[in-house]
Amino acid sequence: MTRQEVFDELKAIIANVKPSLDLNKVTMQSSLLEDLGVDSLSILLLSLAIENRFGFTFDGVPQFSKVGEVVDYVCEHCDSDAPVAEVSAI
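Residues numbered from 1 in each chain as written. Predicted model: local features only at pLDDT ≥ 70, side-chain atom pairs only at ≥ 80, totals over all residues. Heavy atoms only, no water.

1. Quick word on the overall build of the chain
Our working rule: A helix here means a DSSP run of H or I that spans at least four residues, while a strand means a run of E at least two residues long, and both kinds are numbered starting from the N terminus. With a 1.4 Å probe rolled over the protein chains alone, any residue whose accessible area is under 20% of its type maximum counts as buried; one over 50% counts as exposed, and the rest are partly exposed. Contact between two residues is taken to exist if any of their heavy atoms lie within 4.5 Å; hydrogens are not considered. All accessible-area figures derive from a Shrake-Rupley calculation using a 1.4 Å probe, and residue coverage is judged against the displayed protein chains alone.
Each helix and strand in the chain was counted, giving three helices and zero strands. Helices (α) and strands (β) of the chain occur, in sequence order from the N terminus, as α-α-α. In the chain, buried positions account for 37% of the 90 residues. Pairs at least 24 residues apart make up 61% of the contacts formed inside the chain by residues separated by at least 6 positions. Accessible surface, the chain as shown: approximately 5300 Å² in total, 51% of it carbon and sulfur.

And the structure:
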């Protein structure tokens, strides 16, 4: 998957976890906490959804501050040949 494809999928996941969020606010430079209001519970839900969607497991609870960091991590750890699950509501 390209970085843009991962970013688009991540935005869909964020929309499921934070349905009231304006997705136009989500950029690679967005702060998960300050810009998007992602709290510790939301981080846990995002982590589980990302693992399910991209077919890998985080080692512990991830400590990301920006959306771009999540995209980079997924790009590095996602097996692009592996089938991925559809994004679903949590």
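2. Digging into the nonpolar core
Rule in force here: Within this scheme, the nonpolar core is defined by two criteria: the residues are buried Ala, Val, Leu, Ile, Met, Phe, Trp, Tyr or Cys, and they are joined through side-chain atoms within 4.5 Å.
Within the largest apolar cluster, 25 residues are counted, with the highest numbers of intra-cluster contacts made by Leu-32, Leu-36, Ile-50, Phe-54, Val-67 and Val-74. Only α1 (3–17), α2 (40–54) and α3 (67–77) provide two or more residues apiece to this core. When residues no more than four places from it in sequence are discounted, the contact partners of Leu-36 are Ile-14, Lys-18, Leu-21, Lys-25, Val-26, Ser-30, Ser-31 and Val-67.

3. With respect to α1
The condition is simple: Here a helix's expected span is defined as the number of its residues, less one, multiplied by 1.5 Å. What the arc describes is the spread of directions from the helix axis to the C-beta atoms.
Taking 1.5 Å as the rise per residue, α1 with 15 residues should run 21 Å; its terminal C-alpha atoms sit 21 Å apart, in good agreement. Along α1, the positions that sit buried rather than exposed are Val-6, Phe-7, Leu-10, Ile-13, Ile-14 and Val-17. All buried residues of α1 lie within an arc of 120° about the axis, which places them on one face of the element. Looking at the buried residues of α1, the elements they touch are α2 and α3.

4. Notes on the pattern of salt bridges
Here the idea is simple: oppositely charged side chains can pair when their charged atoms come close. Definition in use: We define a salt bridge as a side-chain nitrogen of Lys or Arg found within 4 Å of a carboxyl oxygen belonging to Asp or Glu.
Going through the model one piece at a time under the given rule, you end up with two salt bridges. The closest approach of N and O atoms between Arg-53 and Glu-9, which form a salt bridge, is 2.8 Å. Linking Arg-53 in helix α2 with Glu-9 in helix α1, this pair joins segments that are 44 residues apart in sequence. For Glu-9, a relative accessible area of 22% corresponds to the partly exposed category.

5. Re the side chain of Glu-51
The line we're drawing: Positive charges come from Lys and Arg, negative ones from Asp and Glu, while His and the chain ends are left out of the count. Any N or O atom pair separated by 3.5 Å or less is treated as a polar contact, with the protein-specific requirement of one donor-capable and one acceptor-capable atom, and with residues adjacent in sequence counted only for side-chain atom pairs.
Counting through the fold element by element, Glu-51 comes out in helix α2. Of the buried charged residues, Glu-51 lacks a salt bridge, with Arg-53 as the closest side chain of opposite charge at 14 Å. Within polar-contact distance, the side chain of Glu-51 engages the backbone nitrogen of Phe-58 at 2.7 Å. Each residue touching Glu-51, except ones within four places of it in the same chain, is listed here: Phe-56, Thr-57 and Phe-58.

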